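# Topology and contacts: notes
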Amino acid sequence: MAENDLMRQMAAFEESALAALENARDEAALAQWRTANLGKSAFIMQIFSQLGTVPKTERPQIGQTANQVRVRLEEALELRMNQLKKKALAESLKNEKIDVTLPGRHPYRGRLHPATQNMREILAVLSQIGFEIFRSPEVETDEYNFELLNIPAYHPARDMWDTFYTTDPGVLLRTHTSPGQIHAMKLFAPESIRVALPGMCFRYEQVSMRSEIQFNQIELLAVGKNITFGDLKGTLQEFAYRMFGNNVRTRFRPSYFPFTEPSAEMDVECFLCAGKGCSMCKNSGWLEILGCGMVHPTVLKNGGYDPNVYSGYAAGMGPERITILRHYVEDIRYFWGNDIRFLEQF
Ligand code: DAH
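This structure is a prediction, so every number in the text was calculated from the model and none was measured. Here the residue numbers are simple positions, counted from 1 along each chain's written sequence. Where local features are concerned, this predicted model is filtered to residues with pLDDT of at least 70; where side-chain atom pairs are given and counted, the filter is 80 or more; whole-chain, interface and lining totals use all residues. Note that water and hydrogens are dropped before the side-chain values are worked out from all heavy atoms of the structure.

## Side note on the overall build of the chain
In terms of regular secondary structure, the chain is built from 12 helices and nine strands. In this description the radius of gyration comes from C-alpha coordinates, and the expected globular size is given by 2.2 Å times residues to the power 0.38. Scaling as 2.2 N^0.38, a compact globule of 346 residues should have a C-alpha radius of gyration of about 20 Å, whereas the chain reaches 43 Å, well beyond that. Its C-alpha atoms give the chain principal-axis dimensions of about 130 × 50 × 35 Å. Looking at the chain as a whole, 43% of its 346 residues are labelled buried. Total accessible area computed for the chain in this model is approximately 19,800 Å², and 52% of it derives from carbon and sulfur atoms. Neither His nor the chain termini are counted; the positive set is Lys and Arg, and the negative set is Asp and Glu. Working definition for charges: the position is that of NZ of Lys, CZ of Arg, CG of Asp or CD of Glu. Averaging the locations of the 38 positively and 41 negatively charged side chains of the chain gives two centres separated by 6 Å. Note on conventions: DSSP H or I runs of at least 4 residues are helices, E runs of at least 2 residues are strands, and numbering of each starts at the N terminus. Burial classification: accessible surface area is computed with a 1.4 Å probe over protein chains only, and a residue below 20% of its type maximum counts as buried, one above 50% as exposed, and the rest as partly exposed. Per-residue and other accessible areas follow the Shrake-Rupley method at a 1.4 Å probe size, with only the shown protein chains counted as cover for residues.

Structure, rendered in structure tokens:
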């Protein structure tokens, strides 16, 4: 009687467990089902632990039956698990369909800033024609930025180079790379030197399409014995050929800078209109690319060279201005505006 009772209970347990299994629709439900029906306190598992209380003659059959129920439930669980896995896979295949014919997404690649690219290109050309790169500070003194370059405090030329002053008296952000000339000369005198001085300069100025409060410059300086204006012209012309193409036409116009005498500005033929005249060259056919001249005797002296024995030439250019001309950039403010739409074009 007891035996039959237990057998019936086991059958009923199995039936309801299997029915519950059909209703389990995800992993969490399956785990819950397993605890309830195959866990330590599940009815069928309790039978094993209480087998000792069952009369000896009934034990084998009850034990065997309980075992079979357990095995069937385990098999059913595994089957259900596989079913659900297959269903989930089929669903994800359907929902997350990958169109392998779509073009791939390019990884985003960084690059050098156009000003850096251009700076490196110019410095590479300059080093090919014999200039050594020489770095000098961006924070300067009034003495180096002006006085030693023959621009005394009262000189009207100071207006052209207004700058940002620090709270330390006489300490300012350099307005040009020219003070580097003095640093280089003081370091090397009386040796001959041929250096290129690149770096950031600052000006207290109204910003516009053509002028910024910060920009790079590259200064050239050659000092030695018997250096003439012919060396200046020949070297700068060679630079222009290598930079803008062989046989590009150049011209020198007289100019004024306090630290050179005589002074000049070099133009290259407009590359947009080939000298015919257009909006970029303001109908002149020429683009101004640098200022230059023979180093003023006072500046040579300030650098530690005897102007009766030594002479030299110097030049200064704005690489961003050159980039603007070469790539027809209409506004110099794009360089430090950090707009990716501009930067990624280079
Ligand atoms: N320092 C000048 C400027 O910022 C540029 C310049 C002109 C540099 C003539 C030179 C030079 O070395 O000889 O406008």
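Now that the structure has been shown, the text picks up again.
## A look at the site of the ligand
Put simply, a residue is near a molecule or strand once any heavy atom of it comes within 4 Å of that molecule or strand. Around the ligand, the surrounding shell holds 16 residues, and the nearest of these are His176, Ser178, Arg203, Gln217 and Glu219. For this analysis, a polar contact is any N or O atom pair within 3.5 Å, provided that within protein one partner can donate a hydrogen and the other can accept it, and provided that sequence-adjacent residues contribute only side-chain to side-chain pairs. Residue His176 places a side-chain N or O atom 2.9 Å away from a nitrogen atom belonging to the ligand. In this structure, Ser178 approaches the ligand through a side-chain N or O atom, which is 2.9 Å from a nitrogen atom. Taken by itself the ligand offers 360 Å² of open surface, and the protein chains cover 93% of this. Only strand S5 (214-224), strand S8 (286-295) and strand S9 (311-317) provide two or more residues apiece to the shell around the ligand. Residue classes follow a fixed rule: Ala, Val, Leu, Ile, Met, Phe, Trp, Tyr, Cys and Pro count as nonpolar, while Asp, Glu, Lys and Arg count as charged, and any other residue, Gly among them, counts as polar. Class assignment of the residues belonging to the shell around the ligand gives a composition of six nonpolar, eight polar and two charged.

## Topic: the sheet that holds strand S1 (residues 132-133)
Think of it this way: DSSP has to see at least two bridges between two strands before they count as a pair. Strand order in the open sheet formed by seven strands is S1-S4-S5-S9-S8-S7-S6, with mixed pairing between adjacent strands. Since the sheet does not close on itself, it has two edges, and those belong to S1 and strand S6 (250-257), each with one partner. Sheet contacts for helix H5 (residues 114-128): S1, strand S4 (193-202), S5 and S9; angle to S5, the most-contacted strand, approximately 10°. Throughout, a residue-residue contact means that at least one pair of heavy atoms, one from each residue, lies within 4.5 Å. Convention adopted: a line fitted to C-alpha atoms gives each axis, helices being fitted over their contacting stretch, and angles between N-to-C directions are expressed from 0 to 180 degrees. Running over the sheet, helix H10 (residues 319-327) touches S5, S8 and S9 and is turned about 110° from S5.

## With respect to the domain arrangement of the chain
Each domain's extent was defined by an automatic or database domain assignment. On domain assignment, one finds that the chain holds domain 1 (3-95) and domain 2 (114-343). Relative to domain 2, the C-alpha centre of domain 1 lies at a distance of 88 Å.

## Topic: helix H2 (residues 27-38)
Each helix should span, by expectation, one fewer than its residue count multiplied by 1.5 Å. Between its first and last C-alpha, H2 extends 16 Å over 12 residues, near the 16 Å set by a 1.5 Å rise per residue. Taken together, the buried positions of H2 are occupied by Leu30, Trp33, Asn37 and Leu38. Viewed along the axis of H2, the buried residues span an arc of 85°, placing them on a single side of the element. H2 presents Ala28, Gln32 and Thr35 as exposed residues on the side facing more than 90 degrees away from its buried surface. Sitting at the amino-terminal end of H2 is Asp26, which places a side-chain oxygen 3.2 Å from the backbone nitrogen of Ala28. The arc in question is traced by the directions running from the helix axis to the C-beta atoms.

## Some details on the side chain of Glu212
Note that Glu212 resides in the loop between S4 and S5. What makes a salt bridge here is a side-chain nitrogen of Lys or Arg within 4 Å of a carboxyl oxygen of Asp or Glu, nothing more. One buried charged residue, Glu212, remains without a salt bridge, the closest side chain of opposite sign being Arg333 at 6.2 Å. Excluding its chain neighbours within four sequence positions, the residues that come into contact with Glu212 are Glu205, Val207, Ile332, Arg333 and Trp336.

## Focus: the side chain of Asn37
Considering the arrangement of structural elements, one finds Asn37 in helix H2. For Asn37, the residues in contact, after removing those within four places along its chain, are Phe13, Ala17, Ala42, Ile44 and Leu73.

## Things to note about the environment of Ala31
By the secondary structure assignment, Ala31 is in helix H2. According to the relative accessible area criterion, Ala31 is partly exposed, its value standing at 41%. Sequence separation of Ala31 and His327 is 296 residues, and the distance between their C-alpha atoms is 67 Å.

## Details of the packing of H5 against H10
Running from N to C, H5 and H10 cross one another at 100°; their axes reach a closest spacing of 10 Å. By the criterion of interaxial angle, the relationship of H5 to H10 is roughly perpendicular. Contact residues: H5 offers Ala115, Asn118, Met119, Glu121 and Ile122, while H10 offers Pro319, Glu320, Ile322, Thr323 and Arg326. Tallied by class, the residues present in the contact of H5 with H10 amount to five nonpolar, two polar and three charged. Oblique is the label for any angle not under 35 degrees, not over 145, and not in the 65 to 115 range, which are roughly parallel, roughly antiparallel and roughly perpendicular in turn.

## Some thoughts on the pattern of salt bridges
Within this structure, the stated rule accounts for 14 salt bridges. With a closest N to O distance of 3.1 Å, Glu121 and Arg326 form a salt bridge. Note that Glu121 is positioned in helix H5 and Arg326 in helix H10, a separation of 205 residues in sequence. The class of Glu121 is partly exposed, set by a relative accessible area of 38%. Counted as one network, the salt bridges with shared partners bring together Arg251, Arg253, Glu265, Asp267 and Glu288.

## Considerations on the pairing of S5
Among the 11 residues of S5, 10 are classified as buried, and the element is accordingly described as predominantly covered. With 10 bridges connecting them, S4 and S5 associate as antiparallel partners. Bridge pairing in S5 links Gly199 to Gln217. In terms of strand pairing, S5 meets S9 through seven bridges, oriented antiparallel. Its bridge partner being in S9, Ala222 is matched across the sheet by Tyr313.

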